[in-house]
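# Fold and geometry: a report
These are the residues of each chain, in order.
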Amino acid sequence: MTSETRKTAKHGQATAPVGGVKERLAHTSDIGMDLITFEVMRNAFVAACYEASTTIERVAYHPVVGMGRDRSNALLTRDGRLVAHGHTDAAAHYASFGPSVKELIKDVALHTMKPGDTFLFSDPYRTGSHVNDTRLIRPIFHKGEIVAFACTVIHWADMGGPMPGTFNPEATTCYAEGIRIPPIRLFKEDKLDEELFSFIAINIRSSTERRADLQAQYEASRLIDRRVKELCERYGKDTLYQAFEEQFNYTERLMLAELALLPDGKWEFEDFGDQDVMSPGKPPIRVHCRMTKKETKLSFDWTQCGPQPRGSWGCSYATLTGGNYLGFMICFPQLFPLNEGIIRNLEIISKQGTCVDVIEPAPTTGYASGAFDKVEAVTIACLAGPMGKVQPWRVYPAAVSLTNLCMGGFNPRTKKQFVQYTYAVGGENARTYKDGKSLIFMRFCNARTIPQELEERWFPVLYTRYEARPDSCGHGMYRGGFALLRELTVLTDVTMTIHGDREKFTPFGLSGGLNGGGCNLIINKGTKKEFNAGMYATGVELKKGDKIFYSSSGGGGFGNPLERDQKLVLEDVMDEWLSVEAAKEFYGVVIKVLDREALDYRIDSKATALARARLRKKGFKEGRGSHQLHPKGKLIKVDWIPTEEEVAPHITVSRPPGW
């Protein structure tokens, strides 16, 4: 296996206008077309993608696609540069759009494509993410010429392989993770090639359901096709091409103006995956980045990451760029949507054979809870260095990690085989001015919690608990959000796989804030048959009546917990987010419960003063586990703590729908 250092190609950089926010946002004199037409068209690009995404949401079959929103849509130029994506699309898909179209063009000559042709493509090494994320790519024609491409992505609940749902933590090659699909012309002049689809269908579970999901993808691609044609008919293809380029240049100018305001320097951070389950000793997996900021140039160097793991945890280079882009966009949401104007100005350096740039045939199905999550978190931590000096409201600890629970078997009610895919949502990160959100998943920008009633209707499971997990937050002056706890009973025999992380190395806190609580998956909790399945349990055979205790991780905290307002601690205890014991252990707030039913809780001021004094002297235990003080996270500081009033205008202006 050879190692090769590589980086993104660099394009020319525009000069960044300097000045206040209003001056920079108003800097439109360099746009070489009518401004009204420019605004209409660049918003039409996003609107077409958003409309396509809502189409999938209404039409798709599996709950994880429809209700869970594990789908995305994009518009790209005819040479594969990203123009726009939808407001509520999956952030993990962003970086896969461009490589997917560019790799398609390598395999299939443009002159052989015909109107109505639509290509299916799912190869993690070429497109990014994993095989479950299937892409339909449709060339858009106007007067016989390809003017753009539509790319739709959805997570197919199963792509074959030995485990229901395809997730396989113990896979050591891609051949144990379902079928990879090279670019194939699945729809020929708007007609499905039944022979090709039958080859796919025979290799996956619940193929009838996947065909319904495929139809939703196809209709979404046709919708983007129609919207682009309408723009061409109204404004002409030359104006369309010009609008593409002007959008890239405009976004680039805004981006470089933002970077010009940040101080120069070098920052680095690291995070860890819990374990490489298939290597001797199951060592942790290191993700490290060194970020360099000089004037308007931003470079991310990932070459010091740990070696390619044997188990399914690492990611391809395209996926590395996706995690890097997402981390950047979280800190600069005012630049939404991600497009070529941003992509061409971020230098991302990697080395093949590391955990963030794996070499075929390395397994990749677990990328989202593994390498992708850590790349995103480390990117944000690196950006916290310069951001903490000029825009401290853009500094974030780590958030909940995606966790993938899959079950499959025979559903006695429908008399059919089923595949259930449920991802964990939970505690978002604290902010420098406010507590983190609980029970949701904001960083992927799209994901919604699938209601337990819907899952009970579709699958043979019965939920007995669906609630917040007390004490699971990362404690701090501003605490992280709380994890979502699910407890469910399986109503038939099933094969279960969990592909997650963050049980040992939990979401980190910053500036004295503590790490969040870790993920858990326990079978038959509280009984003689109890066992901790962990985050990498593969092919566990459960019997009818077995119970699953499934908890996500909590968000990291910000600031010393001893600086938290005592009244806020009291409110959390009264709301049963925090226990009385945790309030004393982590915040030094001693609370007396006089009448729980009447909500008569009192702070013992004298005991609290003594408890806080003892904690200040003792300090918090350092480490990377649950509710510990992160050794590197504690070093990240901000120049001042912003108020909500100070932050409000920036958040209102810069946060698009879905973020």
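In this report, we go over the structure that sits alongside the text. (Residues numbered from 1 in each chain as written. Predicted model: local features only at pLDDT ≥ 70, side-chain atom pairs only at ≥ 80, totals over all residues. Heavy atoms only, no water.)

### Notes on the overall build of the chain
Helices and strands together make up the secondary structure of the chain, namely 16 helices and 22 strands. Relative to the compact-globule value of 26 Å for 659 residues, the chain shows a C-alpha radius of gyration of 25 Å, a close match. Its C-alpha atoms give the chain principal-axis dimensions of roughly 80 × 65 × 50 Å. Relative to its 659 residues, the chain shows a buried fraction of 63%. Taking contacts inside the chain between residues at least 6 apart in sequence as the whole, the part at least 24 apart equals 74%. (Helix = DSSP H or I, 4+ residues; strand = E, 2+ residues; numbered from the N terminus. Rg over C-alpha atoms; globule rule 2.2 N^0.38 Å. Buried < 20%, exposed > 50% of the residue type's maximum accessible area, 1.4 Å probe, protein only. Contact = heavy atoms within 4.5 Å.)

### Focus on helix H2 (residues 35-59)
With 25 residues, H2 should reach 36 Å at 1.5 Å per residue; the first-to-last C-alpha distance of 36 Å fits that figure. You can read the cap of H2 off the contacts: a side-chain oxygen lies 3.3 Å from the backbone nitrogen of Ile36, and it is on Asp34. (Expected span 1.5 Å × (residues − 1). Polar contact = N/O pair within 3.5 Å; in protein donor to acceptor, adjacent residues only side chain to side chain.)

### Looking at the sheet that holds strand E17 (residues 520-523)
The sheet built from 5 strands is open, its strands ordered E14-E15-E20-E17-E18 with antiparallel pairing. The sheet is open, and its two edges are formed by strand E14 (461-468) and strand E18 (531-532), each paired on a single side. The pairing of E17 with strand E20 (residues 547-551) spans 4 bridges and is classified as antiparallel. Within the sheet, the bridge partner assigned to Ile522 lies in E20 and is Phe549. (Pairing = 2+ DSSP bridges.)

### Focus: the sheet that holds strand E4 (residues 118-122)
The antiparallel open sheet is built from 6 strands, whose spatial order is E3-E2-E6-E5-E4-E7. In this open sheet, the two strands that pair with only one neighbour each are strand E3 (82-85) and strand E7 (181-187). This sheet shows a mean twist of 25 degrees between the axes of neighbouring strands, independent of strand direction. For strand E2 (residues 71-77) and strand E6 (residues 145-155), the ladder comprises 7 bridges, and the chain directions are antiparallel. Bridging from a neighbouring strand, Ala74 pairs with Cys151 of E6. Running at roughly 150 degrees to E2, H2 makes contact with E2, E3 and E6 of the sheet. This element, helix H7 (residues 207-235), spans E2, E4, strand E5 (133-142), E6 and E7 of the sheet and lies at about 30 degrees to E5. (Axes fitted to C-alpha atoms, helices over the stretch in contact; angles between N-to-C directions.)

### Section: unusual backbone geometry
With glycine set apart, most residues show a phi of negative sign, and most peptide bonds adopt trans. Going from Phe336 to Pro337, the amide bond is cis rather than trans, its omega being -5 degrees. Tracing the chain through its elements places Pro337 in the loop between helix H9 (317-331) and helix H10 (340-343). Along the chain, Glu360 connects to Pro361 via a cis peptide bond; the corresponding omega equals 15 degrees. Backbone geometry places Glu295, a non-glycine residue, at a positive phi of 55 degrees. Of note, Glu295 is situated in the loop between strand E9 (285-294) and strand E10 (297-301). Given the relative accessible area of 58%, Glu295 is considered exposed.

### Quick word on the pairing of strand E16 (residues 494-499)
Burial within E16 is extensive, with 6 of its 6 residues counted as buried. Side-chain alternation along E16 places Val494, Met496 and Ile498 on one buried face and Thr495, Thr497 and His499 on a second face that is also buried. Relative to E16, strand E12 (residues 404-411) runs antiparallel, the two sharing 6 bridges. Residue pairing for E16: Met407 is matched across the bridge by Met496. Alignment of E16 against strand E19 (residues 540-542), held across 3 bridges, turns out to be antiparallel. Residue pairing in the sheet places Met496 in a bridge with Val540 of E19.

### Concerning the nonpolar core
Phe45, Leu75, Trp302, Phe328, Met496 and Ile548 are the most contacted members of the largest nonpolar core, which totals 163 residues. When residues in this core are grouped by element, the largest group, 12 residues, is from helix H11 (residues 368-390). When neighbours within four sequence positions are excluded, Leu75 is seen to be in contact with Phe45, Cys49, Arg81, Leu82, Val83, Ala84, Ile140, Ala148, Phe149, Ile224, Val228 and Phe244. Of all hydrophobic cores here, the second largest spans 18 residues; its members include Phe482, Leu570, Phe586 and Leu615. (Core = buried A, V, L, I, M, F, W, Y, C linked by side-chain atoms within 4.5 Å.)

### Quick word on the packing of H9 against H11
Where H9 meets H11, the closest approach of the two axes is 8 Å, and the angle between their N-to-C directions is 40 degrees. As summarised for this structure, H9 and H11 are arranged oblique, according to the angle between their axes. Between H9 and H11 the crossing geometry is right-handed. In this structure, H9 uses Thr319, Leu320, Gly322, Gly323, Asn324, Leu326, Gly327, Phe328, Ile330 and Cys331 to contact H11, whose residues at the interface are Phe372, Val375, Glu376, Thr379, Ile380, Leu383 and Met387. Looking at the contact of H9 with H11 residue by residue, the classes come out as 10 nonpolar, 6 polar and 1 charged. (Parallel < 35°, antiparallel > 145°, perpendicular 65-115°, else oblique. Left-handed = near helix turned anticlockwise from the far one by under 90°. Nonpolar A, V, L, I, M, F, W, Y, C, P; charged D, E, K, R; others polar.)

### Section: the packing of aromatic side chains
Each aromatic ring pair is characterised by the separation of its centres together with the angle its planes make. A complete count under the given rule lists 15 aromatic pairs for this structure. Consider the rings of Phe167 and Tyr421, whose centres lie 5.4 Å apart with planes at 35 degrees: the pair is tilted. Of this pair, Phe167 sits in the loop between E6 and E7 while Tyr421 is found in strand E13 (residues 416-423), placing the two residues 254 residues apart along the sequence. Side by side, Phe167 and Tyr421 carry an identical accessibility label, which is buried. With centroids separated by 6.5 Å and ring planes inclined at 75 degrees, the aromatic side chains of Trp393 and Trp640 adopt a geometry described as edge-to-face. Separated by 247 residues along the polypeptide, Trp393 in the loop between H11 and E12 and Trp640 in the loop between helix H15 (605-618) and helix H16 (644-654) bring together distant segments of the chain. (Phe/Tyr/Trp six-rings, centres within 6.5 Å; stacked < 30°, edge-to-face > 60°.)

### Here we look at a negative patch on the surface
Taken together, the side chains of Asp565, Glu571, Asp575 and Glu576 define an acidic patch exposed on the protein surface. Turning to its location among the elements, Glu571 is positioned in helix H13 (residues 566-574). On the basis of relative accessibility, which here comes to 44%, the residue Glu571 falls in the partly exposed class. (Patch = residues over 30% accessible without salt bridge, like charges linked within 9 Å, V, L, I, M, F, W, Y side chains within 5 Å. Areas by Shrake-Rupley, 256 points an atom, 1.4 Å probe, with all protein chains shown as cover. Salt bridge = Lys/Arg side-chain N within 4 Å of Asp/Glu carboxyl O. Lys, Arg positive; Asp, Glu negative; His and termini not counted. Charge placed at Lys NZ, Arg CZ, Asp CG, Glu CD.)

### Re the pattern of salt bridges
Counting across every chain of the model gives 46 salt bridges. For Lys106, the salt bridge identified is with Glu103, shortest N-O distance 2.9 Å. Highlighted residues: Lys106 and Glu103, both in helix H4 (residues 97-107), separated by 3 residues, approximately one helical turn. Close ionic contact of Glu252 with Arg344 constitutes a salt bridge, the shortest N to O distance being 3.1 Å. A residue pair is termed long-range when its members are at least 10 positions apart, and Glu252 in helix H8 (residues 237-260) and Arg344 in the loop between H10 and strand E11 (346-351) qualify at 92 residues. Residues Glu252 and Arg344 agree in their burial class; the two are buried. Here the salt bridges do not stand alone but share partners, grouping Asp271, Asp373, Lys374, Asp501 and Arg502 into one network.

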